[in-house]
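Here are the chains, one letter per residue:
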Amino acid sequence: MGQPLADDSVYRRTTNFSESDVKLLSGASLRVLLEIDGRRTLEEIGRRLGMRLDEVAKAVKELEKQELVALFEPRVPLELLQRIQGWMIKILGPLGEFVLIEKIEAMGHAAEDFPVRLFPALTDDLCAEIKNPEMAQAFRRRMSELMQTLNPSAA
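The sections below set out a description of the structure shown in this document.

Cut-offs and rules
- Residues numbered from 1 in each chain as written.
- Predicted model: local features only at pLDDT ≥ 70, side-chain atom pairs only at ≥ 80, totals over all residues.
- Heavy atoms only, no water.
- Helix = DSSP H or I, 4+ residues; strand = E, 2+ residues; numbered from the N terminus.
- Buried < 20%, exposed > 50% of the residue type's maximum accessible area, 1.4 Å probe, protein only.
- Contact = heavy atoms within 4.5 Å.
- Areas by Shrake-Rupley, 256 points an atom, 1.4 Å probe, with all protein chains shown as cover.
- Axes fitted to C-alpha atoms, helices over the stretch in contact; angles between N-to-C directions.
- Parallel < 35°, antiparallel > 145°, perpendicular 65-115°, else oblique.
- Left-handed = near helix turned anticlockwise from the far one by under 90°.
- Nonpolar A, V, L, I, M, F, W, Y, C, P; charged D, E, K, R; others polar.
- Phe/Tyr/Trp six-rings, centres within 6.5 Å; stacked < 30°, edge-to-face > 60°.
- Expected span 1.5 Å × (residues − 1).
- Arc of directions from axis to C-beta.
- Core = buried A, V, L, I, M, F, W, Y, C linked by side-chain atoms within 4.5 Å.

**So, the overall build of the protein chain**
Then, in step 1: The number of helices and strands found in the protein chain is 8 helices and 2 strands.
Then, in step 2: Listing every helix and strand of the protein chain by position from the N terminus yields β-α-α-α-α-β-α-α-α-α.
Then, in step 3: A total of 155 residues make up the protein chain; the buried ones form 36% of that total.
Then, in step 4: Counting only contacts in the protein chain whose residues sit at least 6 apart along the sequence, the fraction spanning at least 24 positions is 65%.
Then, in step 5: When the accessible surface of the protein chain is split by element, carbon and sulfur atoms take 52% of a total near 9,500 Å².

As structure tokens, then:
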């Protein structure tokens with residue numbers, strides 16, 4: 001919470017949100033709270049409200065302090081990770097079943113809670129396990145296609 005907020009950060013409302021909390025907010029924070037939807041970036045919220053990014057960031061800090069909003073980080077759907085695990089089994093044999101989970105855990109996460117932002121690093125780690133260069137390249141292409149389904153603006 002002590003670090004500066006990025007203009008592409010996305011926040012969502014928390015379940016702690018209640019009507020009485022709204023009365024304790026500044027006007028700017030209330031306006032920002034009403035725009036937070038788990039999809040809009042802070043930059044987009046600022047444009048919509050005609051506010052500077054530093055004003056939006058200050059309002060978000062106030063909302064975070066009151067636990068009304070939290071940074072939203074998209075997760076990789078478990079079904080996609082299961083598909084990747086199936087590919088790893090086909091490529092590496094029975095050990096492939098454990099490689100994906102080990103790599104995810106080594107990154108400090110569980111499969112059920114793996115952030116999309118780490119997907120490229122996971123791809124690199126998994127490709128390093130594939131000794132056949134052609135299979136590794138084909139796997140990387142499949143992973144790139146999956147990444148595009150997770151984030152259409154990703155390369």
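And the narrative resumes.
**Some details on the environment of Trp87**
Then, in step 1: Among the secondary structure elements, Trp87 is positioned in helix H5 (residues 78-92).
Then, in step 2: Setting aside residues no more than four positions away along its own chain, Trp87 makes contact with Phe139, Arg142, Met143 and Leu146.

**Things to note about the packing of H5 against helix H6 (residues 96-106)**
Then, in step 1: Look at H5 against H6: their axes get within 7 Å of each other, and the N-to-C directions meet at 130°. By the angle between their directions, the pair H5 and H6 is classed as oblique. In the crossing of H5 with H6, the sense of the turn from one axis to the other is right-handed. The segment H5 lies against H6, with Leu81, Ile84, Gln85, Met88, Ile89 and Leu92 engaging Gly96, Glu97, Val99, Leu100, Ile101 and Ile104.
Then, in step 2: Its residues assigned to classes, the contact of H5 with H6 shows 9 nonpolar, 2 polar and 1 charged.

**A short note on the packing of aromatic side chains**
Two measures describe an aromatic ring pair: the distance that separates the ring centres and the angle between the ring planes.
Then, in step 1: Within this structure, the stated rule accounts for 1 aromatic pair.
Then, in step 2: With a centroid separation of 6.2 Å and an interplanar angle of 90°, the aromatic rings of Trp87 and Phe139 are classed as edge-to-face. Taken as a pair, Trp87 in helix H5 and Phe139 in helix H8 (residues 133-150) lie far apart in primary sequence, 52 residues in all. Neither Trp87 nor Phe139 differs from the other in exposure class; each is buried.

**Concerning H5**
Residue pairs spaced three or four apart in an α-helix point in one direction, given the helix's 3.6 residues per turn.
Then, in step 1: With 15 residues, H5 should cover 21 Å at 1.5 Å per step; its first-to-last C-alpha distance of 21 Å lies within 8% of that length.
Then, in step 2: Along H5, the residues that are buried comprise Leu80, Leu81, Ile84, Gln85, Trp87 and Met88. Buried residues of H5, seen end-on, are gathered within an arc of 160° and therefore sit on one face of the element. Looking at H5, the residues exposed on the side facing more than 90 degrees away from the buried face are Glu79 and Lys90.

**Looking at unusual backbone geometry**
Then, in step 1: Of note in the backbone geometry, Glu67 takes a positive phi value of approximately 60° without being a glycine.
Then, in step 2: Inspection of the secondary structure assignment puts Glu67 in the loop between helix H4 (53-65) and strand S2 (69-71).

**Some details on the nonpolar core**
If you look at soluble globular proteins, the nonpolar side chains tend to sit buried side by side.
Then, in step 1: Ranked by size, the top nonpolar core spans 23 residues in total, and within it Leu81, Ile84, Leu126, Phe139 and Met143 carry the most contacts.
Then, in step 2: Secondary-structure elements contributing two or more residues to this core are H5, H6, helix H7 (119-129) and H8.
Then, in step 3: Filtering out sequence-adjacent residues up to four positions away, Ile84 remains in contact with Leu100, Phe119, Leu126, Phe139, Met143 and Leu146.
Then, in step 4: With 15 residues, the next largest nonpolar core counts Leu25, Leu49, Met51 and Val60 among its residues.

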